[in-house]
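Chain residues, written in single-letter form:
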Amino acid sequence: MELRHLRYFVAVAEKLSFTAAAEALGVAQPPLSQQIRDLETEIGTCLLERTTRRVSLTQAGQDFLVRAKAILHSAQDATERAHAIGCGSVGVLNVGLTGSMLAGPLGGLIYKFQETFVGVDIQIHEMSPDKQIAALKSGQTDINFLRTPPQDPDLTSELAWSEGINVVLAKGHSITTESVTLSCLKDEKFVFLRLRDSLFARRILQCCIGAGFYPTISQQAVEAASLTSLVAAGFGVALIPEFVAKLAHANVTYRPVVSPILSADVHALYHLRSGPMAQNFLALMRSDAERLATELRRDRPSVGSGVERS
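This structure is a prediction, so every number in the text was calculated from the model and none was measured. (Residues numbered from 1 in each chain as written. Predicted model: local features only at pLDDT ≥ 70, side-chain atom pairs only at ≥ 80, totals over all residues. Heavy atoms only, no water.)

Asks: Looking at this structure, how should I read the environment of Ala225?
Replies: Positionally, Ala225 belongs in helix H8 (residues 224-232). Here Ala225 falls in the partly exposed class, since its relative accessible area comes to 34%. Sequence-wise, Ala225 and Leu247 are 22 residues apart; in three dimensions their C-alpha atoms are separated by 7.6 Å. What Ala225 contacts, discounting residues up to four positions off in sequence, is Val244 and Leu247. (Helix = DSSP H or I, 4+ residues; strand = E, 2+ residues; numbered from the N terminus. Buried < 20%, exposed > 50% of the residue type's maximum accessible area, 1.4 Å probe, protein only. Contact = heavy atoms within 4.5 Å.)

Here it is, written out as structure tokens:
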């Protein structure tokens, strides 16, 4: 039994006319009649009573009509859902990130994606950068957002948005200039992201060494947002991505680091074989790149402007 047998039967049963059913189906009447006879032979009972004047359903035919229509509806529903999944417009998209990412443009990007693809459920997985790599490789996540993506032949990355670095100073700190050079921080104590977990933290460490000093690290934290609280508590200064500086704290100030220019650029990391939902998200990210850049320029204080955020 094939789905066409069911479609042919339903057409005849609803029209109660082989002639009208053949016309609706766009087939000749003799093959249609033969298909119905084949169906009845396979089932082993008559579904239709035929006379020269009328066609009617047998009791078996009435019951079979209900079930045949349900099967055809299920088949159509399965076809449409498979097509939607194949197009990336239905399903679950798992996104891995650190909490600090949501301080930047990513939240707006996720919101826009959910408005565009209402059938996709986005699940956020907040985890440290080292765990993000394992999650992506195991299939737990589909796209990850990292500041320092690894070099891995199984994964690919691309720039999501550019972001600079600010130094966080406790209120009343002796540094009062509107911008800061990295070398002027050489005598400070630092709070860092946990070095064993964060490629970004290790890169900042190398930048300090490149500026001529090895930083004295008093505390290490898992999340960039925690660094601000540690600075406010008097544990030292911190170098944080500038969008994280939007998370205001009453007892600190933020200054842009201008020499050398340091970056906290965010990259999207994903599998080369990533599915259509991930590709749709990446396509939206690329098309939204100019808005992200504009948002960054708008929120970035110009050097020498005298702007202090606290």
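Asks: When you look at the nonpolar core in this model, what are you seeing that I'm missing?
Replies: The nonpolar side chains of a soluble globular protein tend to be buried with one another. Among the nonpolar cores identified, the biggest contains 35 residues, and Ile165, Val167, Leu185, Leu239 and Ile240 are the most heavily contacted of them. Broken down by element, the residue count for this core peaks at five residues, all from helix H7 (residues 199-210). In this structure, Leu239 is in contact with Ile165, Asn166, Val167, Leu182, Leu185, Phe190, Ile204, Cys208, Leu227 and Val257, ignoring residues within four places of it in sequence. Met101, Val120, Leu284 and Met285 belong to the second-largest nonpolar core, a separate cluster that totals 25 residues. (Core = buried A, V, L, I, M, F, W, Y, C linked by side-chain atoms within 4.5 Å.)

Asks: Any chance you could explain the side chain of Ser198 here in plain terms?
Replies: Here Ser198 is to be found in the loop between strand S9 (189-193) and H7. Separated by 2.9 Å, the side chain of Ser198 and the backbone nitrogen of Ala201 make a polar contact. (Polar contact = N/O pair within 3.5 Å; in protein donor to acceptor, adjacent residues only side chain to side chain.)

Asks: For this particular structure, what's the right way to read the sheet that holds strand S12 (residues 252-259)?
Replies: Where strands meet in a sheet, backbone hydrogen bonds hold them as pairs that are either parallel or antiparallel. Taken in spatial order, the four strands line up as S8-S12-S7-S11 in an open sheet, and their pairing is mixed. Two strands close off the open sheet at either side, each with one partner strand: strand S8 (180-181) and strand S11 (238-241). Bridge analysis of strand S7 (residues 165-170) against S12 gives five bridges, and the strand direction is antiparallel. Counterpart to Leu169 in the pairing with S12 is Thr253. Helix-sheet contacts for H8 involve S7, S11 and S12, and the interaxial angle to S11 is about 145 degrees. (Pairing = 2+ DSSP bridges. Axes fitted to C-alpha atoms, helices over the stretch in contact; angles between N-to-C directions.)

Asks: Mind showing me how you'd approach the packing of aromatic side chains here?
Replies: The description of an aromatic ring pair rests on the distance of the ring centres and on the angle between the ring planes. Scanning the entire structure with this criterion turns up seven aromatic pairs. On the basis of an interplanar angle of 70 degrees and a centroid distance of 5.2 Å, the ring pair of Phe9 and Phe64 is categorised as edge-to-face. Here Phe9 is found in helix H1 (residues 3-15), whereas its partner Phe64 is found in helix H4 (residues 59-87), with 55 residues between them in sequence. Of the residues examined, Phe9 reaches a relative accessible area of 0% and is grouped as buried. Geometrically, the ring pair formed by Phe190 and Phe213 is stacked, given 6.1 Å between the ring centres and 25 degrees between the ring planes. Placement of the pair is Phe190 in strand S9 and Phe213 in the loop between H7 and strand S10 (216-221), with a sequence separation of 23 residues. Given the relative accessible area of 0%, Phe190 is considered buried. For Phe213, a relative accessible area of 8% corresponds to the buried category. (Phe/Tyr/Trp six-rings, centres within 6.5 Å; stacked < 30°, edge-to-face > 60°.)

Asks: What am I meant to see in the packing of H1 against helix H3 (residues 29-43) here?
Replies: Two packed helices can be described by the angle between their axes and the distance between those axes. One way to put it is that H1 packs onto H3 with a least axis distance of 9 Å and a crossing angle of 110 degrees. With respect to H3, the axis of H1 lies roughly perpendicular. Where H1 approaches H3, its residues Arg4, His5, Tyr8, Phe9 and Val12 are matched on the opposing element by Leu32, Gln35, Ile36 and Leu39. Here the residues of the contact of H1 with H3 sort into six nonpolar, two polar and one charged. (Parallel < 35°, antiparallel > 145°, perpendicular 65-115°, else oblique. Nonpolar A, V, L, I, M, F, W, Y, C, P; charged D, E, K, R; others polar.)

Asks: Looking at this structure, how should I read the sheet that holds strand S6 (residues 155-161)?
Replies: Reading across from one edge, S4-S3-S5-S13-S6 is the order of the five strands in this open sheet, with mixed pairing throughout. With one partner strand each, in any of the chains shown, strand S4 (120-126) and S6 form the two edges of the open sheet. Each strand of the sheet is rotated relative to its neighbour by a mean of 25 degrees, with strand direction disregarded. Pairing of strand S5 (residues 143-146) with strand S13 (residues 266-271), which is carried by four bridges, proceeds in the antiparallel orientation. Paired with Ile143 across the two strands is Tyr270, which belongs to S13. Here helix H6 (residues 129-138) sits on the sheet and contacts strand S3 (91-97), S5, S6 and S13; the angle it forms with S5, its principal contact strand, is near 160 degrees.

Asks: Is there a simple way to think about H6 in this case?
Replies: Taken residue by residue, H6 has Gln132, Ile133, Ala135 and Leu136 as its buried positions. The buried side chains of H6 occupy one side of the element, clustering within an arc of 165 degrees when seen end-on. Of the exposed residues in H6, the ones pointing more than 90 degrees away from its buried face are Lys131 and Ser138. Where the residues of H6 are buried, they touch S3, S5, S6 and S13. Looking one or two places after H6, you find Gly139, whose phi comes out positive at around 90 degrees. (Arc of directions from axis to C-beta.)

Asks: Hey, could you run me through unusual backbone geometry in this one?
Replies: Among all residues except glycine, the phi angle is most often negative; among peptide bonds, the trans geometry is most common. With an omega of -5 degrees, the peptide bond running from Ser259 to Pro260 counts as cis. Structurally, the position occupied by Pro260 is in the loop between S12 and S13.

Asks: How should I be thinking about helix H5 (residues 106-116) in this particular structure?
Replies: Since the α-helix packs 3.6 residues into each turn, any two residues three or four apart lie on the same face. Those residues of H5 lying buried are Leu106, Leu109, Ile110 and Phe113. Angular distribution of buried residues about the axis of H5 spans 100 degrees; they occupy a single face of the element. In H5, those exposed residues whose orientation departs by more than 90 degrees from the buried face are Tyr111 and Glu115.

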